[in-house]
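# Architecture at a glance
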Amino acid sequence: KRTVDGYIETVIRFIRSNFGVRNYLDYYELCEIPETENGYVPQGYCYSEKENLHFISYYHDDSASIISVIDAESGIRLKTLVLKSSDGKDFTGHAGGIAEDETYFYLADGKKIYRMPLSSLVEAKDGDMLVLSEKIVTDVKCSYINSDGTYIYAGEFYTFTTGGSYDTDKSHHMAISLFETTYSRCNAYRISDIADLFSAEGNQPAVPEMIFTTPNCVQGFSRTSDGGFALSISYGRDNNSSLSVYENVTASEPDFSVDFGDVSVPAYHLCRSNKTTELRQPPLLEGIDDMNGKIAGIF
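Read on for a plain summary of the structure. (Residues numbered from 1 in each chain as written. Predicted model: local features only at pLDDT ≥ 70, side-chain atom pairs only at ≥ 80, totals over all residues. Heavy atoms only, no water.)

## Section: the sheet that holds strand β15 (residues 218-223)
Two modes of strand pairing occur in sheets, parallel and antiparallel, and in both the strands are linked by backbone hydrogen bonds. In spatial order, the strands read β15-β16-β17-β20; together these 4 strands make up an open sheet with antiparallel pairing. Unpaired on one side and paired on the other, β15 and β20 (275-281) mark the two borders of the sheet. The sheet shows a mean angle of 15 degrees between the axes of neighbouring strands, taken without regard to direction. Summarising the sheet, strand β17 (residues 241-246) and β20 pair through 6 bridges and their orientation is antiparallel. Across the sheet, the residue bridging to Tyr246 is Lys275, located in β20. (Pairing = 2+ DSSP bridges. Helix = DSSP H or I, 4+ residues; strand = E, 2+ residues; numbered from the N terminus. Axes fitted to C-alpha atoms, helices over the stretch in contact; angles between N-to-C directions.)

This is the structure in structure tokens:
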């Protein structure tokens, strides 16, 4: 079924990329994304209400990944910081997602979430290095993360390719109905529960408090001001993105549960039946975050 679903999705994507509607509504520009002129590819985004700053993470095919810091009032880049691994080598991961909880700054890459004091980014000068020295292990290949101050949400990206480039663990595949199967998950970790797990070794697996099944091609995730969930969905330079909003599914009974050793974790579907809004957006919508009750993101 995964293969059949994948080919159907590929055909739909081709049709939409060639004949899709291109008018985009209900958004306005906050700032330009710096560093793209230098070959960097933006991936993750988060907004710090405490500092009134935009943070954007990037990877580069030929050099270290970076984070840019932008003043949210003026839209001006304040600094660009270079990421290093704990062994002193350049960090060259995709840096797919970033988040902050007013105390710590988090970065997701692969099955690891890294942590550093938020103050280390605020106080750094342009060109300084940031060392990713503390981390934990997850059971999802993190393509994005987000924080609402209570939880860190870390999830994976899935789309069908014949070579399996974006395959996910088969245990994450879930038939929701006859016409809807999901192939990816997002985990919600309570920050206070995982705070002591971060270490230089980074071999401590974190157990989530909640799990969400997610649709294909999720690039970003955010909790909305009313408790719902917003997902940025995109894939391909010629395909429209979607900002899809779902109701607060955690207000109802879980749809199923997942065992982590002796711990049974409640799980919820983010699916068609509880989607409340879908806004058509330009291609390549990536990381998103709540900004003063609205959703901000990078294209």
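## Examining the pattern of salt bridges
Opposite charge on two side chains permits them to pair, given that their charged atoms come into close proximity. Taken as a whole, this structure holds 6 salt bridges when the rule is applied. Asp148 is the salt-bridge partner of Arg223, the closest N and O atoms lying 4.0 Å from each other. With Arg223 in strand β15 and Asp148 in the loop between β9 (144-147) and β10 (151-155), this residue pair connects regions lying 75 residues apart in the sequence. A salt bridge links Glu278 to Lys275, with the nearest nitrogen and oxygen atoms 3.1 Å apart. (Salt bridge = Lys/Arg side-chain N within 4 Å of Asp/Glu carboxyl O.)

## Considering the side chain of Arg223
Looking at Arg223, the relative accessible area reads 15%, which means it is buried. Of note is the side chain of Arg223, whose polar atom sits 2.8 Å from the side chain of Tyr153. Engagement of the side chain of Arg223 in a polar contact is seen with the backbone oxygen of Gly227, the distance being 2.8 Å. Other than its neighbours up to four places away in sequence, Arg223 contacts Asn146, Asp148, Tyr153, Gly228, Phe229, Asn248, Thr250 and Asp290. (Buried < 20%, exposed > 50% of the residue type's maximum accessible area, 1.4 Å probe, protein only. Polar contact = N/O pair within 3.5 Å; in protein donor to acceptor, adjacent residues only side chain to side chain. Contact = heavy atoms within 4.5 Å.)

## Brief notes about the sheet that holds strand β13 (residues 184-190)
Taken in spatial order, the 6 strands of this open sheet run β9-β10-β13-β14-β19-β18, and their pairing is mixed. Strands with a single pairing partner mark the edges of an open sheet, and in this sheet they are β9 and β18 (256-260). The sheet shows a mean angle of 25 degrees between the axes of neighbouring strands, taken without regard to direction.

## Topic: the environment of Ser120
Looking at the element boundaries, Ser120 is found in helix α2 (residues 118-123). One polar contact links the side chain of Ser120 to the main-chain carbonyl oxygen of Pro117, over a distance of 2.5 Å.

## Describing the environment of Asp255
Inspection of the secondary structure assignment puts Asp255 in the loop between β17 and β18. Remark: the alpha-carbon pair of Asp255 and Phe212, spanning 43 residues in sequence, is separated by 9.5 Å. For Asp255, the contacting residues outside a window of four places in its chain are Ala267, Tyr268 and His269. In terms of polar contacts, Asp255 uses its side chain to reach the backbone amide nitrogen of His269, at 2.8 Å.

## Some details on the nonpolar core
Formed by 19 residues in total, the largest nonpolar core has its most connected members in Phe55, Ile67, Phe105, Leu107 and Leu121. Every element with two or more residues in this core is listed here: β2 (53-59), β3 (66-71), β4 (77-85), β6 (104-117), α2 and β7 (129-132). By residue number, the principal contributor to this core is β6, which donates 4 residues. In contact with Phe105, other than residues within four places in its own chain, are Cys46, Phe55, Ile67, Ile98, Ala99, Glu100, Tyr114, Arg115, Met116, Pro117, Leu118 and Leu121. (Core = buried A, V, L, I, M, F, W, Y, C linked by side-chain atoms within 4.5 Å.)

## Some remarks on a nonpolar patch on the surface
On the surface, Val11, Phe14, Ile15 and Phe19 cluster together into a nonpolar patch covering about 460 Å² of accessible area. Looking at the secondary structure, you find Val11 in helix α1 (residues 2-19). (Patch = residues over 30% accessible without salt bridge, like charges linked within 9 Å, V, L, I, M, F, W, Y side chains within 5 Å. Areas by Shrake-Rupley, 256 points an atom, 1.4 Å probe, with all protein chains shown as cover.)

## Quick look at the packing of aromatic side chains
Scanning all chains against the criterion turns up 19 aromatic pairs. A centroid spacing of 6.3 Å and a plane angle of 45 degrees characterise the contact between Phe212 and Phe221, whose relative ring orientation is tilted. On the accessibility criterion, Phe212 (0% relative accessible area) is buried. Three or more aromatic residues joined by ring pairs form one cluster here, namely Tyr144, Tyr151, Tyr153, Phe212, Phe221, Phe229 and Tyr268. Geometry around Tyr104 places Arg115 over its ring, the cationic atom sitting 4.1 Å from the centre. (Phe/Tyr/Trp six-rings, centres within 6.5 Å; stacked < 30°, edge-to-face > 60°. Lys NZ or Arg CZ within 6 Å of the ring centre and 35° of its normal.)

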